[in-house]
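Report on the structure
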Amino acid sequence: HTIRVRVPGTSANCGPGFDAIGLACTVYNDLELTLKKEAGVKITISGEGAANIPCDGRNIVWRSVQYLLRKAGLLDQYPGAVIHMENNVPLSRGLGSSATAIVAGLKAANVLIGNRFNRRELLQFATDIEGHPDNVAPAIFGGFTVSTVTRGDVECFSFLPKFRMKLIVAVPDFPLSTRKARAVLPAQVPMADAVNNISRASMLVAALCKGNEKFLRNVFDDALHQPYRAKLIPGMYDVFAAARKAGALGANLSGAGPCLIAYALERRHCEEAVGEAMKAAFRQHDVEAKILIMD
Ligand code: HSE
């Protein structure tokens, strides 16, 4: 059998929700998977990052397929596979391309073995592979997600905000690995910064669930990771300010960056202007950025 699955790109953190909050975007990767009883894997990739993704045993889709088969005790039965990916999610830009690949591999393999695992189990596997849940959770459940990890056990709920929003993403022309962007983070943070984030993350979720727009004005600020990562993304705070000036509710680093994401209410129809403003602000710092407008 061959199965085709589509998995969305995601934006993690959503400002104050470092490693906890995420959202699914309307940009997708497609995976076609066939499991083989003969050893050997054949991997082809088209679209975003095709030239930079390994097509051998290091391939993350293939590793995730094998992870799931091992969990099901079927690795010996299916030692090989044919994999084709069509990628639209930009690679190493902070839109969860690795989470998309992990979830696609797990999901496709799971369907081919008769849906032995439920989505909650897939979330646990995906989190164990990725190391944090905030991209894989929305890639599996959609919408906004809130996740917690307790002694390794992940829990998550997903919800849709009460009002329609537009997401405006500025994708800079340089990649940034999550590993590098995590290496600049401190091991400890000041209490006041923790309070800043706890209050904003709570307010963000409550305001989205309740449909209370006015409380969204100051909730996207972060003190736990963005200040340390700013040096890796020239002009980051200027782009945030430009987005707000053009009508966005707020803006933040998408995941570990370098993409920057702004949030706007759909009924304000300001997404084009916000995108232009973000692009222009990046250009002031000699960064060329592509704008994606998503729901
Ligand atoms: N929460 C993670 C981080 C997302 O900010 O490092 C990275 O994909």
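All values reported here derive from a predicted model rather than from experimental measurement.

Here we come to the UniProt feature "domain: GHMP kinase N-terminal" (unreviewed entry) in the protein chain. Feature annotation in UniProt assigns "domain: GHMP kinase N-terminal" (unreviewed entry) to the following positions: residues 59-143. Across residues 59-143 one finds 54% helix and 9% strand; the C-alpha atoms that close the span lie 27 Å apart.

Attention shifts here to the site of the ligand. Close to the ligand lie 13 residues; Ala-12, Asp-19, Thr-178, Gly-255 and Ala-256 are nearest. Of the residues forming the shell around the ligand, the biggest block, 3 residues, is contributed by helix 5 (residues 178-183). Taken together, the residues that form the shell around the ligand break down as 4 nonpolar, 6 polar and 3 charged.

Strand 9 (residues 260-265) sits mainly inside the fold: 5 of its 6 residues count as buried. Bridge count between strand 7 (residues 165-172) and strand 9: 6 bridges; the pairing is antiparallel. Across the sheet, residue Leu-167 finds its bridge partner in strand 9, namely Tyr-263. Inspection of the sheet shows strand 8 (residues 250-253) paired to strand 9 by 4 bridges, in the antiparallel sense. When the sheet's bridge partners are listed, Asn-252 is paired in strand 9 with Ile-261. Between the end of strand 8 and the start of strand 9, which pair antiparallel, lie 6 residues, with Gly-255 showing a positive phi angle near 60°.

Another point: helix 3 (residues 119-130). With 12 residues, helix 3 extends 16 Å between its outermost C-alpha atoms, agreeing within 8% with the 16 Å of an ideal straight helix rising 1.5 Å per residue. Inspection of helix 3 places Leu-122, Leu-123, Gln-124, Phe-125, Ala-126, Thr-127, Ile-129 and Glu-130 among the buried residues, and these make up the whole buried set. Backbone geometry just downstream of helix 3 places Gly-131 in the positive-phi region, at approximately 100°.

Direction of pairing for strand 5 (residues 144-150) relative to strand 6 (residues 153-159): antiparallel, over a ladder of 7 bridges. Opposite Thr-145, over in strand 6, you have Ser-158 as the bridge partner. Connecting the antiparallel pair strand 5 and strand 6 is a turn made up of 2 residues, with Arg-151 showing a positive phi of about 45°.

Basis of the calculations
Here the residue numbers are simple positions, counted from 1 along each chain's written sequence. Local features in this predicted model are restricted to residues whose pLDDT is 70 or higher, and side-chain atom pairs enter the listing and the counts only when it is 80 or higher, whereas totals over whole chains, interfaces and linings include all residues. UniProt positions are given in the numbering used here, feature names are shortened, and annotations may be inferred rather than shown by experiment. Elements are defined by DSSP. Helices are runs of H or I of four residues or more, strands are runs of E of two residues or more, and each kind is numbered from the N terminus. By definition, a residue lies near a molecule or strand provided its backbone-derived C-beta atom is within 6 Å of it. We call Asp, Glu, Lys and Arg charged. Ala, Val, Leu, Ile, Met, Phe, Trp, Tyr, Cys and Pro are nonpolar, and the rest, Gly among them, are polar. With C-beta atoms placed from the backbone, a residue is labelled by how many other C-beta atoms lie within 10 Å of its own: buried for 20 or more, exposed for 12 or fewer, partly exposed between the two. Here, any two strands with at least 2 DSSP bridges between them count as paired. By this rule, a helix spans an expected 1.5 Å times one less than how many residues it contains.

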